[in-house]
Structure formats: structure tokens, C-alpha cells
Amino acid sequence: QVQPVESGGGFVQAGGSLRLSCAASGRTFSSYAMGWFRQAPGKEREFVAAISWSGGSTYYADSVKGRFTISRDNAKNTVYLQMNSLKPEDTAVYYCAADRVLLAKQYDYWGQGTQVTVSS
């Protein structure tokens, strides 16, 4: 079992960058695939990016491909989301999630989210 906790959200102007972190408690972090999701006001939660337990496989939503990078450091029980060239439409609450299955339909463990606001 893991418990993700997100950090690093904030306010940034369009074109800027932010790095989100997700620290996960639990001794089995390295056996979990990790994902980032986001939910904008009035919209459903959507997939952003995912990374396999080893970090060897990554996946991205088309809307962030080429701008966002997901990575992980298993020694630190942490997964990151580097967000560059941010756009106002990236404004959302960003959630970190863990599951034993990469690209699971429903991830098992979720953090409480961190707000990202991009101004135009």
C-alpha cells in the first residue's frame, strides 16, 4: 500500500514551468506504476501521464506530449511531473495516483491534489 502526497503546484504565467512532486509512503513504492491526472473546474478528471515501476516506460496524453515529462526516483519514493510551456488550459488540480497495473482503468491510491493555475 502507498499513500501519495503531491506538492509543487502554484501560479505561473503562460509559457512558464513548474515541477510537481509526489512523495509516496510505503516500502513497496518501487513496485507500483504511477500516474498523474488533472481535473479542471467543471470538467471530468483526465489522464496526463504515467510511468512504469522501473521508469522504463512512460505515456502521455496528446495534450501534454512534448511539454510535460514524468520521471521517478525509487530511492526517494518520489515521482515528478516537469511541466514546461504551460498554457492556460493546463489550469487544474493535479493528482498523483498509484497502481500495480500501468495504465489501469482505475488507479488504487490517490493523493489529495495540488492546484496549478496558468495565467494568460
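Structure's up top.
Bear in mind that the values here come from a model prediction, so they are computed numbers and not experimental data.

(A) Inspection of the packing of aromatic side chains at higher detail. For the structure on display, the rule yields five aromatic pairs. Considering the side-chain rings of Phe37 and Phe47, the 5.8 Å spacing of their centres and the 75° angle between planes classify their relative orientation as edge-to-face. Of this pair, Phe37 sits in strand β4 (residues 33-39) while Phe47 sits in strand β5 (residues 46-51), and the two are 10 residues apart along the sequence. Given a relative accessible area of 26%, Phe47 falls into the partly exposed group. What links up through ring pairs into an aromatic cluster is the set Phe37, Phe47, Tyr107 and Trp110. The ring of Trp110 is capped by Arg45, whose NZ or CZ atom sits 3.8 Å from the centre of that ring.

(B) Layout of the state of the cysteines. For the structure shown, the criterion picks out one disulfide. Put simply, Cys22 and Cys96 are joined by a disulfide, and their sulfur atoms are 2.1 Å apart. An S-S torsion of about -80° defines the bridge between Cys22 and Cys96 as left-handed. On the criterion of sequence distance, the pair formed by Cys22 in strand β3 (residues 18-25) and Cys96 in strand β9 (residues 92-99) is long-range, its members being 74 residues apart.

(C) Focus on the pairing of β9. A large share of β9 lies buried, amounting to seven of its eight residues. Where β4 and β9 come together, seven bridges link them in antiparallel fashion. Along β9, the bridge assignment pairs Gly35 with Ala97. Relative to strand β11 (residues 114-119), β9 is paired through three bridges, and the arrangement is antiparallel. By the bridge assignment for β11, Ala92 is matched with Val116. Here β9 pairs with strand β10 (residues 109-110) via two bridges, running antiparallel. Bridge assignment links Ala98 to a residue of β10, and that residue is Tyr109.

(D) Structural view of the pattern of salt bridges. Taken as a whole and assessed by the stated rule, the structure comprises four salt bridges. One salt bridge connects Glu46 with Arg38, and the closest N-O pair in it is separated by 2.6 Å. A salt bridge links Arg38 to Asp90, with the nearest nitrogen and oxygen atoms 2.9 Å apart. Highlighted residues: Arg38 in strand β4 and Asp90 in the loop between β8 (78-83) and β9, separated in sequence by 52 residues. Here Arg38 and Asp90 have matching classes, each one buried.

(E) Quick peek at the sheet that holds strand β7 (residues 68-73). The sheet built from four strands is open, its strands ordered β1-β3-β8-β7 with antiparallel pairing. Only two strands of the sheet have a single partner each, and these edge strands are β1 (3-7) and β7. Ignoring which end each strand starts from, the neighbouring axes of this sheet average 20° apart. As defined by bridge partners, β1 adjoins β3 across five bridges and the pair is classed as antiparallel.

Reading the values: rules and limits
- Residues numbered from 1 in each chain as written.
- Predicted model: local features only at pLDDT ≥ 70, side-chain atom pairs only at ≥ 80, totals over all residues.
- Heavy atoms only, no water.
- Phe/Tyr/Trp six-rings, centres within 6.5 Å; stacked < 30°, edge-to-face > 60°.
- Helix = DSSP H or I, 4+ residues; strand = E, 2+ residues; numbered from the N terminus.
- Buried < 20%, exposed > 50% of the residue type's maximum accessible area, 1.4 Å probe, protein only.
- Lys NZ or Arg CZ within 6 Å of the ring centre and 35° of its normal.
- Disulfide = S-S within 2.5 Å.
- Pairing = 2+ DSSP bridges.
- Salt bridge = Lys/Arg side-chain N within 4 Å of Asp/Glu carboxyl O.
- Axes fitted to C-alpha atoms, helices over the stretch in contact; angles between N-to-C directions.

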